[in-house]
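# What the coordinates show
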Amino acid sequence: MDQKPVVTVTLNPAVDIATDVETVRPDVKLRCGPAQFDPGGGGINVSRAIAKLGGQSTALVSSGGATGEMLTAMLAGEAIDAVTIAAGGQTRQSFTARETTTGRLYRFVLPGPDWKPDTEHALLTMLEAHCAPGALFVVSGSLPPGADPSLIERMHETASRGGALLIADTSGPVLQALCARTGTPLHTLRMDKDEALTASARPLETPDDFAGYGATLLEAGIARHIVIGLGARGSVGVSADEQILTSRPVEQPLSAVGAGDSFVGAYALAIANGEDFATALVHGTAAAASAVLTPGTQLCDGDLAVSFRAEVATTRL
């Protein structure tokens, strides 16, 4: 079957800069190695992961200023279809330095431009134009300063009216708002273990504990599918029919940066291709496992992700 349309949404993108430095020390100039520039932000990384896995998506991006132009040029260079809405200021940058003596990563993230009310109207109009029955909207990453956490709820309402489905992967106040929402369930709500601990306000330790919390969100009508990433332990998935832990251990990981976005990209692509929930979890877990074997901020390796699918362990909880 043909792939359903996938539209990723990045409202606070960044130009990601990654480099190496021997030692991080205060009060002195630190001479860095060559810099790697990449388009960044949750939704953008999901689109990039989808492309690495052979899929297609449209990246809807809020962009502004010279760094915004650089961002869209880099997306075009990776053959990613990008649609932009004007941001209220300069697109932000983020900076990652790997300390070569220890392997530690130091990550510096700027806040991004303030969100403007007229930008929301442009966003919802653009989403409405991309609505189609069965299309997937993937909202991933942080919101820009000044954006109301309820914005994703209005995006979901727009998607629902057009027959599209919404996958949300977020954190902080936005996640808190989504966990308290009412109305038509999202297709999928994903969070990491630390985010689940904060949102649940209760101790969660074992995969069964996290599955139990996911079940409470499901019963409350928050989403039809709940996914909680447990890092090296894998991911817990909860639906009305099943509670699953999927895992593919990696013995010598290089960097966990990008694993979550790789998971979401592979998961969304599987759903868009008509796969069931359990299979989509396997695809996401395999992509995440391949991502931790790439250095720095790199995303999944497409060929490796596909080969890892047969090695993913599925445990019924």
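Keep in mind that this is a model prediction, so the values were computed, not measured. (Residues numbered from 1 in each chain as written. Predicted model: local features only at pLDDT ≥ 70, side-chain atom pairs only at ≥ 80, totals over all residues. Heavy atoms only, no water.)

A separate point is the packing of helix 5 (residues 172–179) against helix 6 (residues 193–200). Contact geometry of helix 5 with helix 6 gives a least axis separation of 10 Å together with a crossing angle of 55°. As the angle between them shows, helix 5 and helix 6 are arranged oblique. Regarding helix 5 and helix 6, the two cross each other, and that crossing is right-handed. Contact with helix 5, carried on its side by Leu 175, Gln 176 and Cys 179, involves Glu 195, Thr 198 and Ala 199 of helix 6 and no other residues of that element. Looking at the contact of helix 5 with helix 6 residue by residue, the class counts come to three nonpolar, two polar and one charged. (Axes fitted to C-alpha atoms, helices over the stretch in contact; angles between N-to-C directions. Helix = DSSP H or I, 4+ residues; strand = E, 2+ residues; numbered from the N terminus. Parallel < 35°, antiparallel > 145°, perpendicular 65-115°, else oblique. Left-handed = near helix turned anticlockwise from the far one by under 90°. Contact = heavy atoms within 4.5 Å. Nonpolar A, V, L, I, M, F, W, Y, C, P; charged D, E, K, R; others polar.)

This next bit is on the sheet that holds strand 2 (residues 14–21). One open sheet holds the four strands; their spatial order is 3-2-6-7, and the pairing between them is mixed. Each edge of the open sheet carries a strand with a single partner, namely strand 3 (36–40) and strand 7 (105–109). Here the average twist between neighbouring strands, direction ignored, is 20°. Bridge count between strand 2 and strand 6 (residues 92–99): eight bridges; the pairing is parallel. Across the sheet, the residue bridging to Ala 14 is Arg 92, located in strand 6. Helix 2 (residues 65–77) rests against strand 2, strand 3 and strand 6 of the sheet, and its axis sits at about 90° to strand 3. (Pairing = 2+ DSSP bridges.)

Quick look at the sheet that holds strand 13 (residues 243–247) now. Taken together, 10 strands build an open sheet; the order of strands is 5-4-1-8-9-10-11-12-13-14 and the sheet is mixed. Edge positions in the sheet fall to strand 5 (81–86) and strand 14 (313–316), since each has one partner strand and no second. For this sheet, the mean inter-axis angle between neighbouring strands, taken without regard to orientation, is 20°. Both strand 8 (residues 136–140) and strand 9 (residues 165–169) contribute to a ladder of five bridges, which runs parallel. Within strand 9, the position partnered with Leu 136 by the bridge is Leu 165. Packed onto the sheet, helix 1 (residues 42–52) meets strand 1 (6–10), strand 4 (58–63) and strand 8 and runs at close to 145° relative to strand 1. Running over the sheet, helix 6 touches strand 10 (186–192) and strand 11 (223–229) and is turned about 105° from strand 10.

Right, let's talk about the pairing of strand 12 (residues 235–238) for a bit. Burial of strand 12 is two-sided: the residues Ser 235 and Gly 237 facing one way and the residues Val 236 and Val 238 facing the other way are all buried. Direction of pairing for strand 12 relative to strand 13: antiparallel, over a ladder of four bridges. By the bridge assignment for strand 13, Ser 235 is matched with Thr 246. Hairpin geometry of strand 12 and strand 13 is characterised by an intervening segment of four residues between the two adjacent antiparallel strands. (Buried < 20%, exposed > 50% of the residue type's maximum accessible area, 1.4 Å probe, protein only.)

Within the chain, Ala 79 stands out as a residue other than glycine whose phi angle is a positive 60°. Assignment of secondary structure puts Ala 79 in the loop between helix 2 and strand 5. The exposure class assigned to Ala 79 is exposed, which follows from its relative accessible area of 70%. With phi around 55°, Ala 201 is a residue other than glycine that occupies positive phi space. Tracing the chain through its elements places Ala 201 in the loop between helix 6 and helix 7 (207–219). For Ala 201, a relative accessible area of 70% translates into the label exposed.

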